[in-house]
Amino acid sequence: MPVVRRPRATSSAMTTSETWNRQRPSAMPHHRYRPAHHRVEVPLVDRTWPSRRIDRAPLWVPVDLRDGNQALAEPMDTARKRRFFDLLITVGFTEIEVGYPSASRTDFEFVRHLATSGAVPDDVTVVVFTPARHDLIDRTVDSVRGLPNVVVHLYTATAPTWRDVVLGRSRAELHELILDAAGHLARRVGDRPGVRFQFSPEVFNLTEPDYVLEVCDSLTALWDAGPDRPVVHNLPVTVEIATPNVYADQIEYMDRHLARRESVILSVHPHNDRGTGVACAELALLAGAQRVEGCLFGNGERTGNVDLVTLALNLYTQGVDPMLDFSDIDAVREVVEHCNRLPVHQRHPYGGDLVHTAFSGTHQDAIAKGLAHHAKRAAELGVPAAGAPWDVPYLPIDPGDLGRTYEEVIRINSQSGKGGIAHLLHRHHGLDLPQAMRPDFSRMVQEVTDGTGRELAHEELRKLFHTNYITPAHEGVVTLGSWSAVETDGEHRFSCALAVDGREGSYEGVGNGPLSAFTDALRAAGIAVDILAYSEHATDTGPDSPAAAYARCRVDGVERWGSGWDTSILTASVHAVLAAVNRARS
């Protein structure tokens, strides 16, 4: 789109006096909107939530099969709902909102399917959702016949805008409607065991706190809640309109003032209109919430419901048991994507394809060093790497704990650095490049990635390394024919057949080691070679495992690296020197 240049504001219109801040007012009509504290009263309280810590998981309640389902362009059929339900059971949820039975035949039939198929374990509670209307309550109660553990979730919007614009009722009139519906629900259920009640004052966060308290307390009394049959009061951020601390203040106010508090489960249901749904839920838990409703990976209407995967794994990274099992996060994601027909974003926290991936060179270097340090520490502790305390730069969680592999952690493109490249060569191909050699190879990789504009896989890195550092020993202007190295009384003698620029000859050199004897033979052939750096290592365990050698040589005043690869360490070292010679003379 074309760049629109707006007129520079005068100094009197500047919104800040700092000389370093040159931002100018935008042309957007921000005056049309009211800040949160002008829209709803938030009682001042002696806040205690900022100093608390979350040390246990709340009761998680997934609403994918109702709230999340309503947000889909193509709602789930019974088969998809059942697959999603089975996943939720496998992950470990024990309270699941399964539908809106009065809204559609599909939802009603799915609840009946659960009631008649034996799909619901004895320790799982099914939640069903209904508006505050007698006929819809009747339909909802009919749907759960035969289910042993049920929560019937009654809801009505309570905020002033909804009362005035949508419902056309005063505070008192709406309260009377809610009490009438709640009484009808109680009569329909009667003394049936295993059924509890839930109420949601929709748009709680924009409703007067004293009104919410009045309505919730009246329902606690009407339903005669007790510690053995508690009522759920669910306080939704139906539309986010404030920073998360405002919601925490609202929850702490309710936590302190709800009647029969020991008989109330205080629940929250944040949406994500401002992109802070996760923060709202976490601060609400600090403020006294005991139960969280949300969706796996954050699906939901508009910008979505709060993301239960992120919330649970945020707890996990703090050493708190989330009481849910996401040890195979890709399998969970596959089911959710199939059922929702929506992709999970590549950068989704914990579940995205690229969430554990680093392309940046400095990040890769830190991760590679961190993984090496982690392996060393695990060995020192005498425990497997998967059981050692986790403290790796840039990775708040061990990808292995989520069923991911380390192959996904470091990937190579034009932004990548020498540490990440060396890590992949070492991990996948046993090549442990010397520190001084890494910048040299990194420049080659960057030339390729800059030229192609694409990512390089670890096998492509190996081929690039082999072509540039190992192959020259066999395909250069200097070729080595038959050769032998012998030691007599501490003196090494190297005899060989060499072809230099097509001219063949036999040469011999002596030195205090086989490589110094080899360079002496090269000098005899007219090639001045000094070895500036050298290293070698086995690439695997076992007598037949190949060895890798690396040599940095000055050849007729030109410095180059070469590498050799052979089951004989001496052969690998000779080839490394010869590769450096041919690279310098090419």
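Please refer to the structure higher up on the page.
Residues numbered from 1 in each chain as written. Predicted model: local features only at pLDDT ≥ 70, side-chain atom pairs only at ≥ 80, totals over all residues. Heavy atoms only, no water.

## Looking at the side chain of S545
When you line up the elements, S545 lands in the loop between β12 (529–538) and β13 (547–555). For S545, a relative accessible area of 12% translates into the label buried. At 3.0 Å, the side chain of S545 forms a polar contact with the backbone oxygen of D540. If we skip the residues at most four places from it in the chain, S545 touches A538, D540 and T567. (Helix = DSSP H or I, 4+ residues; strand = E, 2+ residues; numbered from the N terminus. Buried < 20%, exposed > 50% of the residue type's maximum accessible area, 1.4 Å probe, protein only. Polar contact = N/O pair within 3.5 Å; in protein donor to acceptor, adjacent residues only side chain to side chain. Contact = heavy atoms within 4.5 Å.)

## Digging into the side chain of H269
Here H269 is to be found in strand β7 (residues 264–270). Here the side chain of H269 touches H271 through a polar contact of 3.3 Å, side chain to side chain. The residues contacting H269, other than those within four sequence positions of it, are V63, R66, D67, N234, L235, P236, V237, Y247, E293 and N305.

## A word on a nonpolar patch on the surface
A cluster of nonpolar side chains, contributed by V165, V166 and L167, occupies part of the molecular surface with about 280 Å² of accessible area. Mapped onto the secondary structure, V166 falls in helix α6 (residues 160–167). Taking the relative accessible area as the measure of exposure, V166 reaches 57% and is therefore exposed. (Patch = residues over 30% accessible without salt bridge, like charges linked within 9 Å, V, L, I, M, F, W, Y side chains within 5 Å. Areas by Shrake-Rupley, 256 points an atom, 1.4 Å probe, with all protein chains shown as cover. Salt bridge = Lys/Arg side-chain N within 4 Å of Asp/Glu carboxyl O.)

## A word on the sheet that holds β12
Here 3 strands make up an open sheet; going across it, the order is β12-β13-β14 and the pairing antiparallel. Edge positions in the sheet fall to β12 and β14 (558–566), since each of these pairs with one other strand and no more. Across the sheet, the mean angle from the axis of one strand to that of its neighbour is 15 degrees, orientation sign disregarded. Bridge count between β13 and β14: 9 bridges; the pairing is antiparallel. (Pairing = 2+ DSSP bridges. Axes fitted to C-alpha atoms, helices over the stretch in contact; angles between N-to-C directions.)

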